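Each chain is listed here by its residues.
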Amino acid sequence: MTATIGHSCVVIAFLLAIWGIIAPLLTYKTGREAFFASTRAGILGQFLLVTVASSALIYALVTADFSIKYVAFNTTRATPVYYRVTGLWGALEGSLLLWEWLLVIFSGLVAWIYKDRHRELMPWVLLIFSIVSAFFLAVIAFASNPFEVLSPPPADGRGLNPLLEDANMITHPPLLYTGFVGLTVPYAFAMAALIIGRLDEAWIKTTRRWTITAWCFLTMGNLVGAWWSYHVLGWGGYWAWDPVENAAFMPWLPATAFLHSVQVQERRSRLKAWNLFLIIIAFSLTIFGTFLTRSGILSSIHAFSSGPVGTLFLSFLALVLLGSFGLLAYRMDHLRGQPEFDSMISRESAFLLNNVVLVSALFTIFLGTIFPLLSEAIAGVQVSVGAPYFNSVTVPLFLSLVFLMALGPMIAWRRASWNNLKRNFLWPALASIGVALLLFVWAIRDFLPLLGFMLSAFVAFTIFFDTARAVRARRRIAGERIATALGTLVRRNQRRYGGLVVHLGIVLIALGIAGSMSYSIERQATLEVGQSLAIGPYKVRFEGLRGLQQPTHFRVEATFRVFNNGDESRLYSPALKFFPNQQAPVGRAEFQSTLADDLYIILSGFSEVGKNQATLKALVRPLVAWIWIGGVVIVFGTIIAIWPFRGESGERKDES
Amino acid sequence: MGRTKRFLIGGVIILAALSYLIYGGMREAIVYFRTPAELKAQEQSSKGKSLRLGGMVVAGSLQKDLKNLTYRFQITDGVASIPVYFHGVPPDLFSEGKGAVVEGKMGADGVFLATTIMAKHAEEYSPPQTGEPSYPHSFVPGRDEKKP
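Here the structure is a predicted model, which means the values were calculated and not measured.

Once that is clear, we can look at the overall build of chain A. What chain A contains, in helices and strands, is 22 helices and 11 strands. Expected size for 656 residues packed as a compact globule is a radius of gyration near 26 Å; at 27 Å, chain A falls within 12% of this value. For the C-alpha atoms alone, the extent of chain A along its principal axes is close to 85 × 75 × 55 Å. The buried share among the 656 residues of chain A stands at 51%.

Attention now moves to the overall build of chain B. Helix and strand content of chain B: three helices and eight strands. The linear arrangement of helices and strands in chain B, starting from the amino end, is α-β-α-α-β-β-β-β-β-β-β. Burial statistics for chain B: of 148 residues in total, 25% are counted as buried. Sequence-distant contacts in chain B: of pairs separated by 6 or more residues, those separated by 24 or more amount to 51%.

This part is about the nonpolar core. Residues and elements named next belong to chain A. Residues Val 125 and Ala 192 are the most contacted members of the largest nonpolar core, which totals 197 residues. In terms of residue count, helix 6 (residues 122–143) provides more of this core than any other element does, 15 residues in total. Apart from residues lying up to four places away in sequence, Ala 192 is in contact with Leu 121, Trp 124, Val 125, Ile 128 and Trp 203. Listed in part, the 30 residues of the second largest apolar core include Leu 533, Leu 576, Phe 578 and Ala 589.

Residue and element names in this part refer to chain A. Taken as a whole, chain A is organised into domain 1 (1–160), domain 2 (418–517 + 635–653) and domain 3 (521–626). For domain 2 versus domain 3, the distance between C-alpha centres works out to 40 Å. Taken residue by residue, the interface counts five residues in domain 2 and five residues in domain 3. Residue composition of the side of domain 2 that touches domain 3, by class: two nonpolar, three polar and no charged.

A word on the packing of helix 2 (residues 33–62) of chain A against helix 6 of chain A. Geometrically, a packed helix pair is captured by the angle between its two axes and the distance between the axes. Residues and elements named next belong to chain A. Look at helix 2 against helix 6: their axes get within 11 Å of each other, and the N-to-C directions meet at 35°. Relative to helix 6, helix 2 is oriented so that their crossing is left-handed. Touching Phe 36, Thr 39, Arg 40, Ile 43 and Gln 46 of helix 2 are Pro 123, Leu 126, Phe 129 and Ser 133, all from helix 6. Of the residues assigned to the contact of helix 2 with helix 6, the class counts are five nonpolar, three polar and one charged.

Moving on, we come to the pairing of strand 5 (residues 81–87) of chain B. Residue and element names in this part refer to chain B. Across the two faces of strand 5 the burial differs, with Ile 82, Val 84 and Phe 86 buried and Ser 81, Pro 83, Tyr 85 and His 87 not buried at all. One ladder, built from seven bridges, connects strand 4 (residues 70–76) with strand 5; its direction is antiparallel. Residue pairing in the sheet places Thr 76 in a bridge with Ser 81 of strand 5. What sits between the antiparallel neighbours strand 4 and strand 5 is a turn of four residues, in which Gly 78 has the positive phi angle 95°.

To continue, consider the packing of helix 5 (residues 92–113) of chain A against helix 6 of chain A. Residue and element names in this part refer to chain A. Running from N to C, helix 5 and helix 6 cross one another at 160°; their axes reach a closest spacing of 10 Å. Classified by the angle between their axes, helix 5 and helix 6 sit roughly antiparallel to one another. For the crossing formed where helix 5 meets helix 6, the hand is left-handed. On the side of helix 5, the interface is formed by Leu 96, Leu 97, Trp 99, Glu 100, Leu 103, Val 104, Ser 107, Val 110 and Ala 111, while helix 6 contributes Val 125, Leu 126, Phe 129, Val 132, Ser 133, Phe 136, Leu 137, Val 139 and Ile 140. Taken together, the residues of the contact of helix 5 with helix 6 sort by class into 15 nonpolar, two polar and one charged.

Moving on to the confidence of the model for chain A. Close reading of the predicted structure is inappropriate where its pLDDT is low. Per-chain confidence: chain A averages 88 in pLDDT, with 94% of residues scoring 70 or above. Low confidence marks residues 647–656 of chain A, where pLDDT is under 50. Its contacts with residues over four positions away, or in another chain, come to 18 contacts.

Residue and element names in this part refer to chain A. Of the pairings in the sheet, the one linking strand 5 (residues 554–564) to strand 7 (residues 575–578) comprises four bridges and is antiparallel in character. The residue of strand 7 that forms the bridge with Val 556 is Leu 576. Pairing of strand 7 with strand 8 (residues 586–588) involves three bridges; the strand directions are antiparallel. Residue pairing across strands places Ala 575 opposite Arg 588, the latter belonging to strand 8.

All names here are of chain A. In this model, helix 15 (residues 347–379) (33 residues) spans 45 Å end to end at C-alpha, consistent with the 48 Å of a helix rising 1.5 Å per residue. At Ile 370, helix 15 shows its maximal bend, which comes to roughly 45°, and the proline Pro 372 appears one to four places after that position. Gly 380 sits one or two positions beyond helix 15 and adopts a positive phi of about 70°.

Quick look at unusual backbone geometry now. Residue and element names in this part refer to chain A. Cis geometry marks the peptide bond from Ser 151 to Pro 152, where omega comes out at 0°. Position of Pro 152 among the secondary structure elements: in the loop between helix 6 and helix 7 (167–182). Even without a glycine there, the phi angle at Trp 241 is positive, about 55°. Its identity as a non-glycine residue notwithstanding, Leu 623 has a phi of 65°, on the positive side. Positionally, Leu 623 belongs in the loop between strand 11 (613–622) and helix 21 (625–642). Looking at Leu 623, the number of C-beta atoms within 10 Å reads 24, which means it is buried.

In this section: helix 17 (residues 418–442) of chain A. All names here are of chain A. Compared with the 36 Å implied by 1.5 Å per residue over 25 residues, the 34 Å span of helix 17 between its first and last C-alpha is a close match. Taken as a whole, helix 17 carries its principal kink of about 45° at Phe 425; the proline Pro 428 stands between one and four residues after it. Those residues of helix 17 that sit buried are Asn 424, Phe 425, Pro 428 and Ser 432. Looking at the buried residues of helix 17, the elements they touch are helix 18 (447–478).

Moving on, we come to the environment of Met344(A). Mapped onto the elements, Met344(A) comes out in the loop between helix 14 (332–335) and helix 15. Along the backbone, Met344(A) and Arg414(A) are 70 residues apart, and their C-alpha atoms lie at a distance of 8.8 Å.

Our next topic: the environment of Ile30(B). If you trace the backbone, Ile30(B) turns up in strand 1 (residues 30–34). Expressed as a C-alpha distance, the spacing of Ile30(B) and Lys49(B), which sit 19 residues apart in the sequence, is 9.1 Å. Look past the residues within four positions of Ile30(B) in its chain and what remains in contact with it is Val383(A) and Val385(A).

Attention shifts here to the confidence of the model for chain B. Residue and element names in this part refer to chain B. Looking at chain B, pLDDT values average 78 and 78% of them are 70 or higher. No element of chain B has a lower mean pLDDT than strand 8 (residues 138–139), which averages 66, and none a higher one than strand 5, which averages 92. Within the model, the stretch residues 122–135 combines pLDDT values under 50 with 14 contacts to residues more than four positions away or in other chains. Under a pLDDT of 50 for its full length, residues 144–148 has, in the predicted model, two contacts with residues more than four places off or in other chains.

What follows deals with the environment of Glu201(A). Residue and element names in this part refer to chain A. Checked against the element boundaries, Glu 201 lands in the loop between helix 8 (184–196) and helix 9 (202–231). Separated by 65 residues in the primary sequence, Glu 201 and Glu 266 have C-alpha atoms spaced 6.0 Å apart. The residues touching Glu 201, leaving out its near neighbours within four places in the chain, are Gln 265 and Glu 266.

Each value, and the rule that gives it
- Residues numbered from 1 in each chain as written.
- Chains lettered and ligands numbered in written order.
- Predicted model: local features only at pLDDT ≥ 70, side-chain atom pairs only at ≥ 80, totals over all residues.
- Helix = DSSP H or I, 4+ residues; strand = E, 2+ residues; numbered from the N terminus.
- Rg over C-alpha atoms; globule rule 2.2 N^0.38 Å.
- Buried ≥ 20, exposed ≤ 12 C-beta atoms within 10 Å, placed from the backbone.
- Contact = placed C-beta atoms within 7 Å.
- Core = buried A, V, L, I, M, F, W, Y, C linked by C-beta atoms within 7 Å.
- Domains from an automatic or database assignment.
- Nonpolar A, V, L, I, M, F, W, Y, C, P; charged D, E, K, R; others polar.
- Axes fitted to C-alpha atoms, helices over the stretch in contact; angles between N-to-C directions.
- Left-handed = near helix turned anticlockwise from the far one by under 90°.
- Pairing = 2+ DSSP bridges.
- Parallel < 35°, antiparallel > 145°, perpendicular 65-115°, else oblique.
- pLDDT = per-residue confidence, 0-100.
- Expected span 1.5 Å × (residues − 1).
- Bend = angle between axes of the 7 residues up to and from the residue.

See the structure below:
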């Protein structure tokens with residue numbers, strides 16, 4: 001029954017999406033308003049139907065309706081309710097439904113918010129949304145059906161992959177998908193602008209908040225993924241340059257480039273074609289990422305035939321690329337004849353350079369991700385490209401990005417004078433060199449981390465210096481107190497200050513990455529009760545083992561007492577979880593964070609037979625906590641940038 | 001056009017720098033996949049290269065020293081087998097008679113020095129077994145005992 005309701009809703013929504021493609025064309029042909037009204041109604045209908053379908057699947061998951069194959073494969077009777085709900089995105093079929101659900105939420109919002117505005121653009125925006133929606137609905141309805149029936153229903157389900165039974169898994173996929181799907185909004189507006197040939201700043205201004213919001217979700221999705229990897233996967237790292245991670249990270253790069261380059265178009269009417277290129281690439285990469293992770297092509301090119309979903313995504317990707325770049329080429333004459341930059345030393349140049357670096361990073365990561373596929377397909381040689389490639393290539397690129405982050409927000413538009421440069425950068429530059437000297441004298445002698453810390457300090461100093469000066473000016477002019485002055489500044493230039501706060505967040509992440517990449521310590525040992533392992537400033541003493549029966553698994557815990565520099569002690573109890581359905585236990589590492597470093601302990605093995613002994617791996621990872629703090633700062637900055645302050649027409653006055 | 005030329009020169013410099021980065025990175029980090037038979041056949045030319053060696057851990061070949069965390073075993077593809085030395089903690093799924101991929105370099109003495117062991121993950125979860133699982137009294141990565 002639930003399955004029938006769900007599947008019917010998907011099929012009807014698919015038909016509505018097809019209507020959403022036809023109706024705007026009819027509106028254009030006949031000029032009849034009724035067709036446009038029906039497009040909007042169709043979008044709303046899709047939203048309602050897909051919401052019912054998703055609720056049906058959630059209902060089936062929560063009530064453990066094992067007559068539905070997806071439910072039987074992803075829950076058990078013992079699964080707690082919240083993990084049953086998150087089962088919606090525990091596997092391919094459900095996660096596609098979640099994607100589609102988010103997509104119709106976004107398209108519904110767009111259709112509703114702009115019901116009286118952008119009359120010229122809107123039919124085409126909704127057409128683009130309908131094309132994307134029709135594709136996802138077709139895949140869900142006919143190729144990867146989450147409502148497939150299992151008969152006879154089994155007595156109990158197989159259960160979620162235990163690694164997914166974690167609070168972060170509740171948030172990671174929806175955050176990431178919201179980011180991906182959010183990029184559809186600027187993409188749809190860009191395509192609509194190309195179709196009607198109105199390539200001024202209108203589509204960019206309209207989608208500004210959408211893009212920033214999508215970008216923030218994308219950032220959070222990646223960071224929560226990293227956090228999950230660090231927290232749950234139990235290998236002590238947060239980023240492995242795994243193709244799946246790369247697939248999630250790649251759209252972030254052109255999206256970030258886009259956020260910056262659109263400002264050049266808004267302010268200086270340059271880079272129009274480039275902005276369209278970036279948003280097409282960003283959107284395509286969200287489809288490409290799903291293709292890469294869901295087609296089975298990653299394990300080997302020969303595994304590609306395993307299902308139709310991969311082929312469908314690849315075909316859709318080809319359609320998106322051909323259609324988008326075809327339109328871009330068709331409208332190229334509208335995009336020519338923009339004036340050139342006035343000077344190489346200007347904000348637009350800094351932004352352009354930032355774009356070049358981001359796109360270069362994208363290209364190198366893309367190449368490294370698909371190189372094994374190319375090599376196998378072309379030369380028949382099986383290779384893999386490991387993390388060292390990605391680290392050695394991206395570290396210089398990201399360091400130059402940090403440098404540009406200091407430059408971009410402060411350097412003048414058009415042409416920067418010596419005075420402008422000296423005024424904004426002299427003191428911050430001297431201060432950051434001072435920091436680097438101090439660090440060098442203290443302990444840090446390696447070039448790359450030292451450079452990383454210095455550039456991070458440079459960004460922070462330019463921001464503090466600039467803000468302090470602006471606050472002082474307001475105090476002089478308006479006689480406000482510091483807090484009030486800061487509030488006024490932020491309200492009047494919310495995009496600028498929101499952006500600067502986001503930059504600070506990125507700098508904190510850079511600190512965390514530089515510290516943990518360069519100065520981690522790792523030790524492994526087998527200890528008997530009472531024996532200790534020394535690592536960095538810590539001493540880890542093994543105290544004993546105990547076993548605990550849990551609802552879904554059996555848990556073996558090892559207790560370690562950790563002494564920090566000999567004095568205070570804390571208890572760690574990393575564990576191994578034995579699930580009845582699994583071949584091998586699932587490790588549950590434990591770590592404790594301080595702002596200086598994390599001590600991370602992994603239990604690898606144990607034996608009660610003969611003697612009580614435990615095999616452990618311990619890591620000291622400096623500054624990791626700053627990565628997560630940086631993430632929080634980024635969210636805060638984004639909120640400042642998009643907050644609808646009342647009573648101020650802040651949009652007009654925005655400076656950057 | 002002076003300006004066009006400047007942008008062109010800038011572009012060429014950026015491209016050159018990027019190619020250099022990619023080339024350098026790839027040369028360091030590309031890892032070739034070999035089967036034990038392929039490695040046997042090209043033992044000389046493979047020395048010093050980063051390799052992934054994939055096959056089956058030969059039953060009965062595993063010698064481990066838990067105190068020092070050293071593992072010695074043979075990897076075979078049914079045609080040839082290669083001795084492997086590993087220091088560290090292997091993944092949970094690693095065991096005799098199962099598939100494994102080791103990454104590292106071929107040593108001068110014909111022993112493969114592995115820096116990483118990757119055990120083959122089971123793609124699907126096995127259906128629940130009947131009866132309660134037995135109490136695990138010990139778990140040591142790199143099982144050599146046969147399950148009863």
